[in-house]
Amino acid sequence: MEERAAIEEYFDRLWPLLRSLNGEGVRRTHEILRELLPLETREIPSGTPVLDWTVPPEWVVREAYVVAPDGRRMLDVRENNVHLMGRSMPFCGRISLAELEKHLHSMPALPKAIPFVISYYAPNWGFSIAHEERERLPDGDYEVVIDTDLVEGSTTISEVVLPGELPDEVLLSTYTCHPSMANDNLSGPLIAAFLYRRLAALPRRRLTYRFAFVPETIGAIIYLSQRGDLLRERLRAGYVVTCAGDPGPFTYKRSRRGDCLADRAAELILRRRPGPPPRIRDFFPTGSDERQYCSPGFNLPVGSIMRSAYGDYAEYHTSLDNRDFVSFDALVESIDAYFEVCRALDTNVVYRNLFPFGEPQLGRRGLYSRLGAHGSEPVPIDVGALRWLLNLADGTNDLLAIAERSGYSPAALHEAAELAVEKGLLRSEGPQVA
Ligand code: ZN
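Residues numbered from 1 in each chain as written. Predicted model: local features only at pLDDT ≥ 70, side-chain atom pairs only at ≥ 80, totals over all residues. Heavy atoms only, no water.

### A short note on helix 7 (residues 261–272)
For helix 7, built from twelve residues, the straight-helix expectation of 16 Å at 1.5 Å per residue is met to within 8% by its first-to-last C-alpha distance of 17 Å. Burial analysis of helix 7 places nine of its twelve residues in the buried class, which makes it a mostly covered element. Within the span of helix 7, buried status applies to Leu261, Ala262, Asp263, Ala265, Ala266, Glu267, Leu268, Ile269 and Leu270. (Helix = DSSP H or I, 4+ residues; strand = E, 2+ residues; numbered from the N terminus. Expected span 1.5 Å × (residues − 1). Buried < 20%, exposed > 50% of the residue type's maximum accessible area, 1.4 Å probe, protein only.)

### A closer look at a nonpolar patch on the surface
A cluster of nonpolar side chains, Trp53, Tyr120 and Tyr121, forms an exposed patch at the surface whose accessible area comes to about 330 Å². Mapped onto the secondary structure, Tyr121 falls in the loop between strand 7 (104–105) and strand 8 (127–128). Classification of Tyr121 by relative accessible area gives exposed; the value is 52%. (Patch = residues over 30% accessible without salt bridge, like charges linked within 9 Å, V, L, I, M, F, W, Y side chains within 5 Å. Areas by Shrake-Rupley, 256 points an atom, 1.4 Å probe, with all protein chains shown as cover. Salt bridge = Lys/Arg side-chain N within 4 Å of Asp/Glu carboxyl O.)

### Let's talk about the packing of aromatic side chains
Counted under the stated rule, the structure contains ten aromatic pairs. Pairing Phe11 with Trp15 gives two aromatic rings, centres 5.4 Å apart and planes at 20°, and the pair type is stacked. Among the residues examined, Phe11 registers a relative accessible area of 2% and is labelled buried. Between Phe11 and Phe328 the ring centres are 5.4 Å apart and the planes differ by 90°, which places this aromatic pair in the edge-to-face class. Of the two residues, Phe11 sits in helix 1 (residues 3–14) while Phe328 sits in helix 9 (residues 328–346), which places them 317 residues apart along the sequence. Looking at Phe328, the relative accessible area reads 5%, which means it is buried. Taken together, the ring pairs in this structure connect Phe11, Trp15 and Phe328 into an aromatic cluster. In this arrangement the basic side chain of Arg198 is found over the ring face of Phe339, its NZ or CZ atom lying 5.8 Å from the centre. Seen from the ring of Phe284, Lys253 lies directly overhead, with NZ or CZ sitting 3.7 Å from the centre. (Phe/Tyr/Trp six-rings, centres within 6.5 Å; stacked < 30°, edge-to-face > 60°. Lys NZ or Arg CZ within 6 Å of the ring centre and 35° of its normal.)

### Some words on the sheet that holds strand 11 (residues 169–175)
If you walk across this open sheet you meet the eight strands as 1-10-12-11-13-16-14-15, and the pairing is mixed. Strands with a single pairing partner mark the edges of an open sheet, and in this sheet they are strand 1 (40–45) and strand 15 (279–281). Averaged over all adjacent pairs, the angle separating strand axes in this sheet is 20°, with direction ignored. Across the sheet, helix 2 (residues 24–33) touches strand 1, strand 10 (154–162) and strand 12 (208–214), and the angle it forms with strand 10 is around 20°. Sitting on the sheet, helix 9 touches strand 11, strand 12, strand 13 (235–240) and strand 16 (302–306), and the angle it makes with strand 13 is about 175°. (Pairing = 2+ DSSP bridges. Axes fitted to C-alpha atoms, helices over the stretch in contact; angles between N-to-C directions. Contact = heavy atoms within 4.5 Å.)

### Considerations on the domain arrangement of the protein
As a measure of interface size, the accessible area lost when the parts come together is often cited. As assigned here, the protein comprises domain 1 (3–56 + 154–346), domain 2 (60–151) and domain 3 (349–431). Once you take the C-alpha centre of each, domain 1 and domain 3 turn out to be 35 Å apart. On the side of domain 3, eleven residues touch domain 1, which itself brings nine residues to the contact. With both chains or domains summed, domain 1 and domain 3 bury close to 860 Å², and 59% of this area falls on carbon and sulfur atoms. The tally of links from domain 1 across to domain 3 stands at two salt bridges. Arg264 is the partner of Glu404 in a salt bridge, and the nearest nitrogen-oxygen pair spans 3.4 Å. On inspection of domain 1 and its partner domain 3, the count reaches three residue pairs in polar contact (both at pLDDT 80 or more). Across the side of domain 1 that touches domain 3, the residue classes break down as six nonpolar, no polar and three charged. (Domains from an automatic or database assignment. Buried area = accessible area lost by both parts, 1.4 Å probe. Polar contact = N/O pair within 3.5 Å; in protein donor to acceptor, adjacent residues only side chain to side chain. Nonpolar A, V, L, I, M, F, W, Y, C, P; charged D, E, K, R; others polar.)

### Regarding the side chain of Thr148
Tracing the sequence through the fold places Thr148 in strand 9 (residues 141–151). Polar side-chain contacts of Thr148 include one of 2.9 Å to the backbone oxygen of Ser88. When residues no more than four places from it in sequence are discounted, the contact partners of Thr148 are Trp59, Val60, Val61, Arg62, Leu84, Ser88, Met89 and Pro90.

### Section: the nonpolar core
One finds Leu172, Phe211 and Tyr239 to be the most contacted residues of the largest nonpolar core, which totals 86 residues. In terms of residues, this core owes the most to one element, helix 9, which gives eleven residues. A domain split of this core shows at least three residues from each of domain 1 (3–56 + 154–346) and domain 3 (349–431). When near neighbours in sequence (up to four residues on either side) are disregarded, Leu172 contacts Leu195, Tyr209, Arg210, Phe211, Ala212, Tyr239, Val241, Tyr338 and Cys342. (Core = buried A, V, L, I, M, F, W, Y, C linked by side-chain atoms within 4.5 Å.)

Written as structure tokens, this is what we have:
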């Protein structure tokens, strides 16, 4: 099936699942994603110590709704799973409107939005409601049914490693812990899954690509407790894949290091893309899982390529971050951008010009048309790109640096470099280590 149509189909299948840090909806999400890529899934038992944290109890939701005084059923989690406050404790009873009000969340500034509210660690229950609906609630007694549990269960995480020729890795990390919301968060796992498929289809990969699908924060902490040492040794670049499904301009949030390979590749590719220039942000210690990957002990080269980032759009963390807010064309464009960045990383080699004294003669190697621009002989590559490459390939510049300085794309430079290596003009001195 065509990629865009497949993304749409998977979006619609994943949309209604009630996701949280853990639980059945997350397990089912990973099961559906496994149809797209061979994820290895692990269940981490509640209570397991991970770095400075403990794996939380599993949240079980059977049903949750409220019956209004007129007998109408409302705030039903089956109708919209954003209605139920995340991690709500069980509660059943008849209460007054005044009592119910203490457990309702709404947004006066966005009266049609149902806000996404979660009580991670304080035991509580609650419902989210559109503010315009809240204002119309009649006086009287309300029957509240919240059939939930927090049990000793497990938290689901998945990973898959797509091997390349080198052990050096690129990490793509995304999360699967939000209920029905599109930009934050379904765009992330969909982009990651379809990016995997594009990378897996390549005839050759120099680098190894690691994909992690984890709940935000606790999942990244679990993942680092298991893979942190390995990542410290092998990771060359990584990105947190999130908030990249809307048609807004790209946003790049830099790693804590600020100028690592991940930053250079993402900024170069995003600046070269058509459309409005990307918004480049320095690292800040709020946001998503780059907070964990870039914690000082790990300080991994991980940034985040987004479109409209968390907090930058009014619909963020509400029911209005839905299918209408994202665009499937934008999702495909975001996959294109991620793919291009991965290709730029994969081809980022340091070359050395083997004829550095004067320019090597290109004509007798079939690399330059003697008749110039109007000549009849086809020039097999972009001679301009080749000239930049030969000039800057002194063993100190990687391909990205040559792209930055010359204005040529990493892809054009890579093509010229391959041919120059074949003709004995250049030698690859291996990857530049971040
Ligand atoms: Zn979020």
